Amino acid sequence: MIGTSNGPGPSDIPYWLDQADAPNPLPPLTGTESADLAVIGGGFSGLWTALLAKERDPARSVCLLEGRKIAWGGTGRNGGFCAASLTHRLSNGFDRFPGEIAPLERLGRQNLFEIGQAISRYGIDCDFARTGELAVATARWQLDGLAESADQASALGADVALLDAGQVRAQVNSPTYLGGMWDRDGCATVDPARLAWGLRRACLSAGVRIYEHTPVLAIDSARHRLTLRTPAGHLRADQVALAAGAFAPLLRRLRYYIVPVYDYVLMTRPLTRPQLASIGWANRQGVGDSGNQFHYYRLTRDNRILFGGYDAVYYYGSKIAAALDQRPRTFAALADHFNTTFPQLDGIEFTHRWGGVIDTCSRFCAFFGTAHGGRLSYVAGYTGLGVGASRFGGNVVLDLLAGQPTELTELEMVRTKPVPFPPEPLRAAGIGLTRWSLARSDRNDGHRNLWLRALDRAGLGFDS
Ligand SMILES: Cc1cc2nc3c(=O)[nH]c(=O)nc-3n(C[C@H](O)[C@H](O)[C@H](O)COP(=O)(O)OP(=O)(O)OC[C@H]3O[C@@H](n4cnc5c(N)ncnc54)[C@H](O)[C@@H]3O)c2cc1C
């Protein structure tokens, strides 16, 4: 059931942002200011970049400009799976960067560990828990993929266990599960808005100046400096870190590398004790199923279930609009899938439903680059797995601005770009055909049609 039994129906506000102690926005930039480093974007990418810049050099003056409010974008709307993977899962990393998957996995694990350290050091109350993650098979054809993933992960030293149907149901009790893989240390769950607000506070304490409701309209390049134009002011900066996610890219080239894809989420009301007991879930792992169109779900601090994914919706012309945050058809499908997954919770109400934009690129993990003679560096393209990887991205962006080769800047992942998307109408047609083919593959025991096989051969295939 979507809605409350006798209340006004679910809230359209993302659950994470709907908290009584959400900070009030800071005033917008007015007049002219200067900084050594300007950061554009107040999501995880921008916040980590600003904070890491101050950690590296407390004397550096850093200013962060956010067009709306901190965490307004994907950062405040996501599932809160904070994964070690930098490559949108190991199998995608193996396909894209077979020669450097071992260092990428090592750097990813180190990044996740350092996120935990930073959360403790700055005293951020955000329910960060190293629960691990359970990948479940809900169709027989998915079992082979899980076994292969478990082998790959074990070979790289990850703590994973392959579970049969009984074992996986003993973790989380759903009649749909046929098997699973429990990655015990590769993922944490977190309240993403509280993490972002905590990073905001840490940035302010470190001396970062933050302006909210300050969209950067243009970047002007003079000889030694860049000037960011905003509605009521200017910010002159020696260097700029662009971390604006999927939104109207300020650099023309980014329009070809990323497309905004909408992802949708439901949140239940808190489960009662008997309801939770009917599922088990004592280890509180994040769960993802293994179809091409996959769902992800997890518990919150007060034992609600967040349930999202499945439909990934692209709107013609790379459209982004507030009205698209709501999609009743997808919410109804998600509610139906939720009931199939947990029939023992039949009738539970959903209190929140929302959508958000994912900065999707054709290789499904972040890419990086510089512009304006090396005075600007950017990161984009996390494709739905940037909660953890965005801190790594912040370090890469700062290394690129420093201009000296480092372990990070020498990675193939950092030196190469994804294949660009074609312009419309080919863009919408290609994405539509891929979506249709993936859904068909799920219905046909994972069989990949000619189009998907051609994408696989071109290195553009998505295997969840
Ligand atoms: C529904 C959903 C579920 C997801 N689930 C997960 C998950 O479970 N795990 C995971 O790892 N990832 C998930 N993601 C992806 C994850 O949220 C992002 O990868 C991550 O938050 C990185 O954010 P970001 O800072 O790069 O972008 P955003 O959070 O989108 O931040 C970009 C910010 O830049 C600002 N901005 C844009 N243009 C300008 C401008 N011109 N001037 C000033 N400011 C500007 C925007 O207002 C925005 O606040 C999910 C995303 C969605 C939408």
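What you see is a predicted model; the values in this text were computed from it and never measured.

## Quick notes on the overall build of the protein chain
Point 1. Across its full length, the protein chain carries 13 helices and 18 strands.
Point 2. For 464 residues, the compact-globule estimate of 2.2 N^0.38 gives 23 Å, and the C-alpha radius of gyration of the protein chain, at 21 Å, lies within 12% of that figure.
Point 3. Principal axes of the C-alpha set define a box for the protein chain whose edges measure 65 × 50 × 45 Å.
Point 4. The long-range share in the protein chain, meaning contacts at least 24 apart out of those at least 6 apart in sequence, stands at 75%.

## Section: unusual backbone geometry
Apart from glycine, the bulk of residues carry a negative phi angle, and the bulk of peptide bonds sit in the trans form.
Point 1. A cis amide bond, omega 5°, links Glu424 with the succeeding residue Pro425.
Point 2. For Pro425, the position within the fold is in the loop between α11 (412-415) and α12 (426-443).
Point 3. The backbone phi angle of Asp127 is positive, close to 55°, even though this residue is not glycine.
Point 4. When you line up the elements, Asp127 lands in the loop between α3 (101-121) and β4 (133-137).
Point 5. Classification of Asp127 as partly exposed rests on a relative accessible area of 26%.
Point 6. Backbone geometry places His213, a non-glycine residue, at a positive phi of 50°.
Point 7. Mapped onto the fold, His213 is located in the loop between β8 (209-211) and β9 (218-221).

## Some details on the packing of aromatic side chains
The description of an aromatic ring pair uses the distance of the two centres, along with the angle that the planes make with each other.
Point 1. Per the counting criterion, the structure on display carries 16 aromatic pairs.
Point 2. With centroids separated by 5.3 Å and ring planes inclined at 80°, the aromatic side chains of Phe338 and Phe350 adopt a geometry described as edge-to-face. Placement of the pair is Phe338 in helix α9 (residues 328-341) and Phe350 in strand β16 (residues 350-360), with a sequence separation of 12 residues. One exposure class covers both Phe338 and Phe350, and it is buried.
Point 3. Looking at Arg184, its charged tip hangs above the ring of Trp182, at a distance of 5.4 Å from the centre.
Point 4. Here the guanidinium or amino end of Arg391 rests over the ring plane of Trp48, the centre of that ring lying 5.6 Å away.

## Concerning the site of the ligand
Point 1. Near the ligand, the surroundings consist of 38 residues, among which Ser45, Glu66, Thr75, Val216 and Val387 are the closest.
Point 2. At 2.9 Å from a nitrogen atom of the ligand is found a main-chain nitrogen or oxygen belonging to Phe81.
Point 3. Relative to its free-state accessible area of 1,000 Å², the ligand is covered by the protein chains to the extent of 95%.
Point 4. At the level of secondary structure, the elements contributing two or more residues to the shell around the ligand comprise α1 (44-56), β12 (259-268) and β16.
Point 5. For the shell around the ligand, the element with the highest residue contribution is β16, accounting for three residues.
Point 6. Of the residues assigned to the shell around the ligand, the class counts are 18 nonpolar, 16 polar and four charged.

## Side note on helix α6 (residues 192-206)
Point 1. With 15 residues, α6 should cover 21 Å at 1.5 Å per step; its first-to-last C-alpha distance of 21 Å lies within 8% of that length.
Point 2. When you tally the buried positions in α6, you get 11 out of 15 residues, the bulk of the element.
Point 3. Every buried residue of α6 is accounted for by Pro192, Ala193, Arg194, Leu195, Ala196, Trp197, Gly198, Leu199, Arg200, Ala202 and Cys203.
Point 4. Here the buried face of α6 lies against α1, α3 and β8.
Point 5. In this structure Asp191 caps α6, since a side-chain oxygen of it lies 3.2 Å from the backbone nitrogen of Ala193.
Point 6. Gly207 sits one or two residues past α6 and shows a positive phi near 100°.

## As for helix α10 (residues 389-402)
Point 1. Taking 1.5 Å of rise per residue, 14 residues should cover 20 Å, and α10 covers 20 Å from first to last C-alpha, within 8% of that figure.
Point 2. The buried fraction of α10 amounts to 13 of the 14 residues, a majority that puts the element mostly inside the structure.
Point 3. Looking one or two places after α10, you find Gly403, whose phi comes out positive at around 80°.

## A closer look at the sheet that holds strand β5 (residues 160-164)
Point 1. The mixed open sheet is built from eight strands, whose spatial order is β5-β6-β4-β13-β14-β15-β12-β16. Each end of this open sheet is capped by a strand with a single partner; those strands are β5 and β16. With direction set aside, neighbouring strand axes in the sheet form an average angle of 20°.
Point 2. The sheet contact formed by strand β13 (residues 286-289) and strand β14 (residues 295-299) spans two bridges and is antiparallel. Within β14, the residue paired with Val287 across the bridge is Tyr297.
Point 3. Each of β12, β14, β15 (305-313) and β16 touches α9; the most contacted strand, β15, lies at about 130° to it.

## Here we look at the pattern of salt bridges
One side chain can pair with another of opposite charge once the charged atoms of both are near each other.
Point 1. Scanning the model with the defined rule gives 19 salt bridges in all.
Point 2. In this structure, Arg301 and Asp125 form a salt bridge, with 3.7 Å as the shortest nitrogen-oxygen distance. One end of the pair, Arg301, is in the loop between β14 and β15; the other, Asp125, is in the loop between α3 and β4, with 176 residues separating them in the sequence.
Point 3. Via salt bridges that share partners, Asp125, Asp127 and Arg301 belong to a single interconnected network.

## Observations regarding the state of the cysteines
Point 1. Considering all chains together, one arrives at zero disulfides under this definition.
Point 2. Free of any disulfide, Cys63 has its nearest neighbouring cysteine sulfur in Cys203, separated by 11 Å.
Point 3. The structure places no disulfide on Cys187, whose sulfur is separated from the nearest cysteine sulfur, that of Cys82, by 7.0 Å.

## Notes on the packing of α3 against α10
Point 1. Two numbers describe how α3 lies on α10: the axes approach to 9 Å, and their chain directions differ by 105°. Considering the angle they form, α3 stands roughly perpendicular to α10. Along the contact surface, α3 presents Leu107, Asn111, Glu114 and Ile115, while α10 presents Ala389, Arg391 and Phe392.
Point 2. For the contact of α3 with α10, the class distribution of residues is four nonpolar, one polar and two charged.

Reading guide: rules and limits
- Residues numbered from 1 in each chain as written.
- Predicted model: local features only at pLDDT ≥ 70, side-chain atom pairs only at ≥ 80, totals over all residues.
- Heavy atoms only, no water.
- Helix = DSSP H or I, 4+ residues; strand = E, 2+ residues; numbered from the N terminus.
- Rg over C-alpha atoms; globule rule 2.2 N^0.38 Å.
- Contact = heavy atoms within 4.5 Å.
- Buried < 20%, exposed > 50% of the residue type's maximum accessible area, 1.4 Å probe, protein only.
- Phe/Tyr/Trp six-rings, centres within 6.5 Å; stacked < 30°, edge-to-face > 60°.
- Lys NZ or Arg CZ within 6 Å of the ring centre and 35° of its normal.
- Near = heavy atom within 4 Å.
- Polar contact = N/O pair within 3.5 Å; in protein donor to acceptor, adjacent residues only side chain to side chain.
- Areas by Shrake-Rupley, 256 points an atom, 1.4 Å probe, with all protein chains shown as cover.
- Nonpolar A, V, L, I, M, F, W, Y, C, P; charged D, E, K, R; others polar.
- Expected span 1.5 Å × (residues − 1).
- Pairing = 2+ DSSP bridges.
- Axes fitted to C-alpha atoms, helices over the stretch in contact; angles between N-to-C directions.
- Salt bridge = Lys/Arg side-chain N within 4 Å of Asp/Glu carboxyl O.
- Disulfide = S-S within 2.5 Å.
- Parallel < 35°, antiparallel > 145°, perpendicular 65-115°, else oblique.

So, to be careful, I would describe these as geometric facts and stop short of saying anything about function.
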